[in-house]
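Now for the letters of each chain:
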Amino acid sequence: SRYYREVLPGEIVKISRYDVQTLDVVPRPEGDPSAFCIFEYVYFARPDSIFEGQMVYSVRRRCGQQLAIEAPVEADLVSTVPESATPAALGYAQKCGLPYVEVLCKNRYVGRTFIQPNMRLRQLGVAKKFGVLSDNFKGKRVVIIDDSIVRGNTISPIIKLLRESGAKEVHIRVASPPIKFPCYMGINIPTKEELIANRPEFHDLANYIGADSVVYLSVEGLVSSVQESIKARQENENSLKSQKSRMGKIGHCTACLTGEYPVELEW
């Protein structure tokens, strides 16, 4: 298979053995920017996906670099919970000048934890899901980069595991902002009450999950990481006018982070 091109927002395409035809492009209301789901970049998409002319892996690495600017910490090494946050962890380590070291390895014989029927089973599943590479971090201060903390109940047993295996300090850095609002556009985000960012425990999250510190990436930091190369590409293109009419204004939906929905909600 090979990459051909993106389907534009609102575009209906017909794919045949001969070619790809545009049947129609549903127009947006005049002046409305596009509202591409920003959480696709954070979590949902495969790292080799290409959205808006940029690879998701590169955006995640930039998020890690931005997180290092916003939330540095005195530590000995940077790592991640394998493996969705690896690009962000590599970006964070590079920007901080710290080594990236693996501290956990996945046990490939255990099923997915999120489908377990209750929280206790999910937490037990997490403990079985990872092996500990204790020689790599014993007696050291560890920064763990995660892509998101949604409920807050899967990171706790990981921190406990690292401490029991000899980590001197465990600092959590999250390469996305806190999720605070439900998504009405089809992404399965838990109810408002389930989100850790809306619970009383969030005010002392480090203590609640057993970490030495926890810092999330800012909304502005995420948006700038996502839009940086889109803006640069648009500025560098000779055919700027035609590019703008094709792509529309740059816009991303941040509703789950800010509560600002791109469409009017009707109940």
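The preceding data block contains the structure.
In this text, all values refer to a predicted model and were calculated from it rather than measured experimentally.

Conventions adopted
Residues numbered from 1 in each chain as written. Predicted model: local features only at pLDDT ≥ 70, side-chain atom pairs only at ≥ 80, totals over all residues. Heavy atoms only, no water. Helix = DSSP H or I, 4+ residues; strand = E, 2+ residues; numbered from the N terminus. Buried < 20%, exposed > 50% of the residue type's maximum accessible area, 1.4 Å probe, protein only. Contact = heavy atoms within 4.5 Å. Areas by Shrake-Rupley, 256 points an atom, 1.4 Å probe, with all protein chains shown as cover. Polar contact = N/O pair within 3.5 Å; in protein donor to acceptor, adjacent residues only side chain to side chain. Pairing = 2+ DSSP bridges. Axes fitted to C-alpha atoms, helices over the stretch in contact; angles between N-to-C directions. Core = buried A, V, L, I, M, F, W, Y, C linked by side-chain atoms within 4.5 Å. Parallel < 35°, antiparallel > 145°, perpendicular 65-115°, else oblique. Left-handed = near helix turned anticlockwise from the far one by under 90°. Nonpolar A, V, L, I, M, F, W, Y, C, P; charged D, E, K, R; others polar.

Chemist: I'm lost on the overall build of the protein in this one. Help?
Modeler: Looking only at helices and strands, the protein has nine helices and 12 strands in total. Out of the 267 residues belonging to the protein, those deemed buried represent 41%. Considering only intrachain contacts with a sequence separation of at least 6, the fraction spanning at least 24 residues in the protein is 66%. When the accessible area of the protein is evaluated, it comes to approximately 15200 Å², of which 51% is carbon and sulfur surface.

Chemist: Help me understand the side chain of S225, please; the structure alone is not making it clear to me.
Modeler: Note that S225 resides in helix α7 (residues 219-236). There is a polar contact of 2.8 Å between the side chain of S225 and the backbone oxygen of G221. Once you skip the residues sitting within four places of it in the chain, S225 turns out to touch V59, R62, C63 and Q66.

Chemist: What exactly am I supposed to notice about the sheet that holds strand β6 (residues 77-80) here?
Modeler: Paired through their backbone hydrogen bonds, the strands of a sheet run either parallel or antiparallel. The parallel open sheet is built from four strands, whose spatial order is β6-β9-β10-β11. The two strands at the open ends of the sheet, each matched to only one other strand, are β6 and β11 (213-216). Going across the sheet, the axis of each strand differs from the next one's by a mean of 25°, ignoring polarity. With six bridges connecting them, strand β9 (residues 141-146) and strand β10 (residues 169-174) associate as parallel partners. By the bridge assignment for β10, D146 is matched with V174. Its contacts with the sheet put helix α2 (residues 56-70) on β9, β10 and β11, and the angle it makes with β11 is roughly 120°. Contacts from helix α5 (residues 155-164) reach β9 and β10, with the element oriented near 150° to β10.

Chemist: Can you walk me through the nonpolar core in this structure?
Modeler: Most often, soluble globular proteins keep nonpolar side chains buried together rather than apart. Counting 31 residues, the largest nonpolar core has L67, V78, Y92, V143, I145, I179 and L222 as the members making the most contacts within it. Elements with a minimum of two residues in this core: α1 (38-44), α2, α3 (86-96), β9, α7 and α9 (255-258). In this structure, L104, F130, I159 and I196 belong to the second largest nonpolar core, which totals 26 residues.

Chemist: Would you mind showing me how to read the packing of α2 against α7 here?
Modeler: Packed helices, taken two at a time, are described by their axes: the angle between them and the distance between them. At their nearest, the axes of α2 and α7 sit 9 Å apart, and the two run at 135° to each other. Looking at the two axes, α2 sits oblique to α7. The handedness of the crossing between α2 and α7 comes out as right-handed. Along the contact surface, α2 presents V59, R62, C63, Q66 and E70, while α7 presents G221, L222, S225, V226, E228 and S229. Within the contact of α2 with α7, the residues separate by chemical class into four nonpolar, four polar and three charged.

Chemist: Please clarify how the environment of A45 should be interpreted in this entry.
Modeler: Mapped onto the elements of the fold, A45 is located in the loop between α1 and β4 (50-51). In this structure the C-alpha to C-alpha distance between A45 and S84, which are 39 residues apart in sequence, comes to 9.8 Å. Those residues in contact with A45, other than ones at most four positions away along the chain, are E40, F51, V56 and R60.

Chemist: Please clarify how the packing of α2 against α3 should be interpreted in this entry.
Modeler: Taken N-terminus to C-terminus, the directions of α2 and α3 make an angle of 40°; their axes are 7 Å apart at the nearest point. Classified by the interaxial angle, the pair formed by α2 and α3 is oblique. The element α2 and its partner α3 pack so that their crossing is right-handed. Contacts between α2 and α3 involve Y57, R60, R61, G64, Q65, L67, A68 and I69 on the former and, on the latter, P87, A88, L90, G91, Y92, Q94, K95 and C96.

Fair warning: the whole summary comes from geometry, so function is off the table for now.
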